[in-house]
Amino acid sequence: MANKEQTKVMEKIVSLAKRRGFVFQSSEIYGGLNGCWDYGPLGVEMLNNLKREWWKEMTYRDNVEGVDAAILMHPRVWEASGHVENFTDPMVDCKQCKARYRLDALFDDLSVKRKKEVLRELYPDQYAGQQNDEVIEQVFAQLVINDQKAAEIAMMLPCPNCGSKGSFTEARKFNLMFKTFVGPVEDASAVVYLRPETAQGIFVNFLNVQTASRQKLPFGIAQIGKAFRNEINTKNFLFRTREFEQMEMQFFVKPGTDDHYFEYWRAERMKWFINLGMKKEKLQWHQHPKDKLAHYAKDAYDIEYLFPFGWGEIEGIHNRTNFDLSRHEEYSGKSMKYFDDETKEKYIPYVIETSAGASRSFMAFLIDAYHEQEAPTAEGTMETRVVLKLHPKLAPYKIAIFPLVNRDGMPEYAKKIEADLRPHFKVFYDDSGAVGRRYRRQDEIGTPYCVTVDSQTLQDETITVRDRDTMQQERVAASKLKEYFAIKLL
Ligand code: GAP
């Protein structure tokens, strides 16, 4: 559970995100729509940068192709994939106030003390004495993996909304897919789903892509796109939302080589986050216990990030075996087999999936970059500066350009620099307020470089370039600026 300090950090980041135009609540003027968020001018830049980095990383290889499939797919796709039957969360309703909860979410905010009381009530002999908190947390977490036990424990808890005890219904399965209708008739034959994962658009196109691109196994197909889940409990800003974006890649391999490629992609994906500046010590692996694996998986690891509210998954790497392709072959009646030219064998490939949330990674990068530091003002006193130490490739603006003062030809010179750089980099021109304030405004949104035109510029045609993280300044010839930033930023 997050402590007060961590909650405060989260509040500051959400507030900065809104104030500076990274993320707004969806339909805010109507009170918002739960689980949906809009990206503002800086947010969309950063999100696009993040997706571009992923796209380059994954598809600028000779063995990974890209696709962009439709969000709406034939409804049989979701029967074949198992989502109609299995994509459910157990939930309970309070009989008194009708509030609905995901069963596991009921336990999220329980204190260790309360968990200990529950264990004592269930197993008086075992938990009568002193146990340390870590043991209690572990035992409790293990216990509620079992849905039946979880439902039994729920009956011991008061409803968080109205406080009634023992008022929960039996746990029921709630399907997380959003339904809608194609065409004018709203009956069962017209039902389609908003895709809950982008992966199926890749599976159904496996042979189309393979034939069109003449790829041989092993090869992958990558896609970035929106996914929708009717989550019962949305929470923690962009962490669990109802509409979000995924960046997924399915790597098709010969059965028997799957373990090798599973390890290969695990290492590649962890490297990607670290290379984009995410702190190593805030990343960890979580292997799914065998009894908690998704219905399609043989093995699965999550890359987890240490958010202010605790560890949370940002990407899953799954060995999906030949489950999806076999099911599509069965449900569509069309062969999904690959013909191996060399061995003359025909078989259904195994699939290693890398599945990252673009929105969730965006949030993790934002949090990871957030720093508060003591820094000197122009007058020499100390103040707290907020700085987003985003990797330059992710930063919304790359360079800010300032005239030191609005006279003596400095604005004209600065405008010339802006015109030179703007076609190549996302730049921002600012001539309002003291230059120290302008630096702080750029620090807060993660702009890696600020360029200032001052009186020396007018004499020797050099300008100062200030580095966001070190706050060091150096003088660079104005004529060499483009090359200087090309080396730093491209
Ligand atoms: N195709 C496999 C799949 O969808 P998942 O673990 O359910 O696997 C993959 O989702 C990633 O999608 C997660 O690691 C997370 O980053 C993101 N994600 C899943 N549900 C989300 C939600 N409700 N809100 C935001 N991101 C979500």
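Refer to the structure above for everything that follows.
Everything quoted here is computed from the prediction, not taken from an experiment.

Here we take up the overall build of the protein. Looking only at helices and strands, the protein has 17 helices and 23 strands in total. With the C-alpha coordinates of the protein rotated into their principal frame, the extents come out at 80 × 65 × 50 Å. Among the 490 residues that make up the protein, the fraction classed as buried is 50%. For the protein, contacts bridging at least 24 residues in sequence account for 65% of all contacts bridging at least 6.

Before going further, it helps to examine the site of the ligand. Looking at the ligand, there are 22 residues lining it, with Glu 197, Arg 229, Glu 231, Glu 248 and Glu 313 nearest. Between a nitrogen atom of the ligand and a side-chain N or O atom of Glu 231, the distance comes to 2.8 Å. Here a nitrogen atom of the ligand and a side-chain polar atom of Glu 248 are 2.5 Å apart. Among the elements of the structure, β10 (243-253), β13 (310-321) and β16 (350-357) are those that each provide at least two residues to the shell around the ligand.

So, about the pattern of salt bridges. Scanning the model with the defined rule gives 45 salt bridges in all. Between Lys 337 and Glu 329 there is a salt bridge, and its shortest N-O distance comes to 2.7 Å. The salt bridge partner of Glu 383 is Arg 437, with a shortest N-O separation of 3.1 Å. In this pair, Glu 383 sits in strand β18 (residues 382-388) while Arg 437 sits in helix α15 (residues 435-445), placing the two residues 54 residues apart along the sequence. By relative accessible area, Glu 383 is classed as buried at 18%. For Arg 437, a relative accessible area of 45% corresponds to the partly exposed category.

With 19 residues, helix α2 (residues 41-59) extends 27 Å from end C-alpha to end C-alpha; this agrees with the ideal 27 Å at 1.5 Å per step. Listing the buried residues of α2 in full gives Leu 42, Gly 43, Met 46, Leu 47, Asn 49, Leu 50, Lys 51, Glu 53, Trp 54, Met 58 and Thr 59.

Quick look at the sheet that holds strand β3 (residues 64-66) now. Strand order in the open sheet made by the seven strands is β3-β9-β10-β16-β13-β12-β11, with mixed pairing throughout. Looking at which strands have only one partner, the edges of the open sheet turn out to be β3 and β11 (283-287). Strand-to-strand twist of the sheet, defined as the mean angle between neighbouring strand axes without regard to direction, takes the value 25°. Its contacts with the sheet put helix α10 (residues 206-213) on β3, β9 (219-228) and β10, and the angle it makes with β9 is roughly 135°.

Turning to the nonpolar core, a few remarks are in order. The tendency in soluble globular proteins is for nonpolar side chains to be buried as a group. Counting residues in hydrophobic clusters, the biggest one holds 57 residues, and the most contacted among them are Phe 22, Phe 307, Ile 314, Phe 362, Met 363 and Phe 365. When residues in this core are grouped by element, the largest group, eight residues, is from helix α13 (residues 358-369). In this structure Met 363 touches Met 10, Asn 236, Phe 237, Leu 238, Phe 239, Phe 307 and Phe 309, once residues within four positions along its chain are discounted. Listed in part, the 24 residues of the second largest apolar core include Leu 106, Phe 107, Phe 140 and Val 144.

Moving on: the packing of aromatic side chains. Applying the stated rule across the entire model yields 28 aromatic pairs. Ring geometry for Tyr 397 and Phe 428: centres 5.1 Å apart, planes at 45°, overall tilted. Placement of the pair is Tyr 397 in the loop between β18 and β19 (399-403) and Phe 428 in strand β20 (residues 427-429), with a sequence separation of 31 residues. Exposure remark for Phe 428: the relative accessible area of 28% places this residue in the partly exposed category. Taken together, the ring pairs connect Phe 203, Phe 206, Phe 219 and Phe 252 into an aromatic cluster. Above the face of the Tyr 301 ring, Arg 266 is positioned so that its terminal group lies 3.7 Å from the ring centre.

Our focus in this paragraph is the sheet that holds strand β5 (residues 100-102). The three strands lie next to each other as β5-β4-β6, forming an open sheet whose pairing is antiparallel. The open sheet terminates on both sides in strands that have one partner only, identified here as β5 and β6 (172-175). On average, adjacent strands in this sheet sit at an angle of 45° to one another, irrespective of strand direction. As defined by bridge partners, strand β4 (residues 88-93) adjoins β6 across four bridges and the pair is classed as antiparallel. Bridging across to β6, Met 91 finds its partner in Arg 172.

A large share of strand β12 (residues 299-307) lies buried, amounting to eight of its nine residues. Alignment of β11 against β12, held across five bridges, turns out to be antiparallel. Paired with Trp 285 across the strands is Ile 303, a residue of β12. Inspection of the sheet shows β12 paired to β13 by nine bridges, in the antiparallel sense. Across the sheet, Ile 303 pairs through a bridge with Glu 315, a residue of β13. Counting the residues in the hairpin turn of β12 and β13 gives two residues.

Conventions used here
- Residues numbered from 1 in each chain as written.
- Predicted model: local features only at pLDDT ≥ 70, side-chain atom pairs only at ≥ 80, totals over all residues.
- Heavy atoms only, no water.
- Helix = DSSP H or I, 4+ residues; strand = E, 2+ residues; numbered from the N terminus.
- Buried < 20%, exposed > 50% of the residue type's maximum accessible area, 1.4 Å probe, protein only.
- Contact = heavy atoms within 4.5 Å.
- Near = heavy atom within 4 Å.
- Polar contact = N/O pair within 3.5 Å; in protein donor to acceptor, adjacent residues only side chain to side chain.
- Salt bridge = Lys/Arg side-chain N within 4 Å of Asp/Glu carboxyl O.
- Expected span 1.5 Å × (residues − 1).
- Pairing = 2+ DSSP bridges.
- Axes fitted to C-alpha atoms, helices over the stretch in contact; angles between N-to-C directions.
- Core = buried A, V, L, I, M, F, W, Y, C linked by side-chain atoms within 4.5 Å.
- Phe/Tyr/Trp six-rings, centres within 6.5 Å; stacked < 30°, edge-to-face > 60°.
- Lys NZ or Arg CZ within 6 Å of the ring centre and 35° of its normal.

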